[in-house]
Amino acid sequence: MTHAGGQMWGGRFAGSLDELFAQFQKSLPVDHVLAFADLQVNRAWSRALANVGVFTADELLRVHAAIEDLEGHWRTTGIPADDPAEDVHSLVERELVARCGELGKRIHTGRSRNDQVATDLRLYLRERIGALASAITALCGQLVAKAAAHHDAPMPGYTHLQRAQPITIGHWALAHCEAFARDRERLRDAGERMAECPLGSGALAGTVLGVDRAAVAADLGFRGGPTHNSLDATAQRDHLCELAFACAMACTHLSRLAEDTIFFATQEARFVTFGDAVSTGSSLMPQKRNPDAMELVRGKCSRAHGALQALLGSVKGLPMAYNRDLQTDKESLLPLLTETESCLRVATLAVQHATFDVARCASEAERGYLNATDLADLLVEAGVPFRDAHGIVGAAVNRAVALGVELQDLPADERQRLLPQLRVDLKQALAARTVLARRDVLGGTAPNRVRAEVTRWQQRLTDWNTEDRTP
Ligand code: ARG
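Residues numbered from 1 in each chain as written. Predicted model: local features only at pLDDT ≥ 70, side-chain atom pairs only at ≥ 80, totals over all residues. Heavy atoms only, no water.

Caption draft 1: Region of interest: the environment of Ala 244. With respect to the helices, strands and loops of the structure, Ala 244 is situated in helix α11 (residues 238-264). When the C-alpha atoms of Ala 244 and Ala 310 are compared, they prove to be 10.0 Å apart, with 66 residues separating the residues in sequence. In contact with Ala 244, not counting residues within four places along its chain, are Leu 308, Leu 311, Leu 333 and Leu 336. (Helix = DSSP H or I, 4+ residues; strand = E, 2+ residues; numbered from the N terminus. Contact = heavy atoms within 4.5 Å.)

In structure tokens form, the structure reads like this:
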């Protein structure tokens, strides 16, 4: 590759780029995905240039015809990621010159690749954010389906991975939905930070010829109008860091969902079985049925964290304004978006193919002293101060452990000795279903509350589906 041919900037150079560096500095293998956004930007910019006299009305038609032709061509052939062009902007300009000659050479008037790439990326990310949001909608759809089916099904709830209190399977499923709902909001929010149009910021100082930036912004569908500082508009990437954080956080939540279900699928828990569609076997141990789908989701999460770290690091300490370091933003961000989306899709599939053993979950919810707090609450109702009740029940649990029974199964004499204050039928009062029904509070695990939350979530999913369909 020589300076004389190909590049947009050969004028003052006589020698050619070292081949190693030529390859090193290319961004086309990564930024070719911006091609259609770049064509959109070229369409709007040429229109703006026509308004200030760079193109006549007839010339503009020819430029637009060239853009349309190139767009149609790439829609059938795909974008040539391995072309010798340095980046997507050089590739598009070269192809337009090939189609409309001298007019194509005028299209970069008053523009820089710095404001161009900033604009292309925002346009492109709009679509990617939309796809991520709808992947979250789909995942929550599967979780809500589980919650609807099991809104009243008891299972053990854990803190410190020690049995704590009974919960319903539905309550567990909707807990994960809440986290993904915040991720979805964060993604949409990151999109909000991309609502202003950088085009017309030039390389760093703004454009010339009196181009109407507001019209350009409107033309490209930027709701926030044009950006207000050309240095910032070309040099900042915090909206990308924000998007990367939203993805890294969603991956972190996926990893927690994965960990829960991997534990549920152990022989020790046996709460869940993953179907064949998302399980794998062992090359050696014939009995194995491994939850690899969720394990890979959990594993890939750390790469998402790495991408966020890389992005933050690439902007730290950069002098105002554009620096070539910023080209690496896409290398970190774009694979992160792809990975996050595929983790969301695979987790959705894994939830869909996860079957709860409702009977086992229910019987396990009756074991392991998950009702000890409720026994203390019964003592409170009988007039014992809670702190004393806590101590009394602690002693009762110790005795029950020694005898190998549950609290409600303590022999009558032991019960009389340890809990003389209580007259109630403990079998009934400490049954998991009774314990669940007592958490009848907004946000609580009582089946009627979970049922109401399922209804709220179904409405929310309907709203999200509508949002996902509107660009
Ligand atoms: N490919 C570059 C990027 O993605 C845009 C080109 C800017 N080049 C330059 N020499 N100012 O950031």
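Caption draft 2: Seen up close, the site of the ligand. Around the ligand, a shell composed of Ser 27, Asp 87, Arg 113, Asn 114, Val 117, Tyr 322, Gln 327 and Lys 330 is seen. The contact in question runs from a nitrogen atom of the ligand to an N or O atom on the side chain of Gln 327, over 2.9 Å. Between the ligand and the protein, one listed contact pairs an oxygen atom with a side-chain N or O atom of Lys 330 at 2.7 Å. No other element matches the 3 residues that helix α7 (residues 113-149) contributes to the shell around the ligand. Residue classes in the shell around the ligand are distributed as 2 nonpolar, 3 polar and 3 charged. (Near = heavy atom within 4 Å. Polar contact = N/O pair within 3.5 Å; in protein donor to acceptor, adjacent residues only side chain to side chain. Nonpolar A, V, L, I, M, F, W, Y, C, P; charged D, E, K, R; others polar.)

Caption draft 3: Examining the packing of α7 against helix α13 (residues 329-352) more closely. The geometry of α7 relative to α13 is characterised by a closest axis approach of 9 Å and an angle of 15° between their N-to-C directions. As judged from the angle between their axes, α7 and α13 are roughly parallel. As α7 packs across α13, the resulting crossing turns out to be left-handed. Of the residues that constitute the contact of α7 with α13, the class distribution is 17 nonpolar, 6 polar and 6 charged. (Axes fitted to C-alpha atoms, helices over the stretch in contact; angles between N-to-C directions. Parallel < 35°, antiparallel > 145°, perpendicular 65-115°, else oblique. Left-handed = near helix turned anticlockwise from the far one by under 90°.)

Such coordinate-based values are descriptive only and should not be taken to indicate function.
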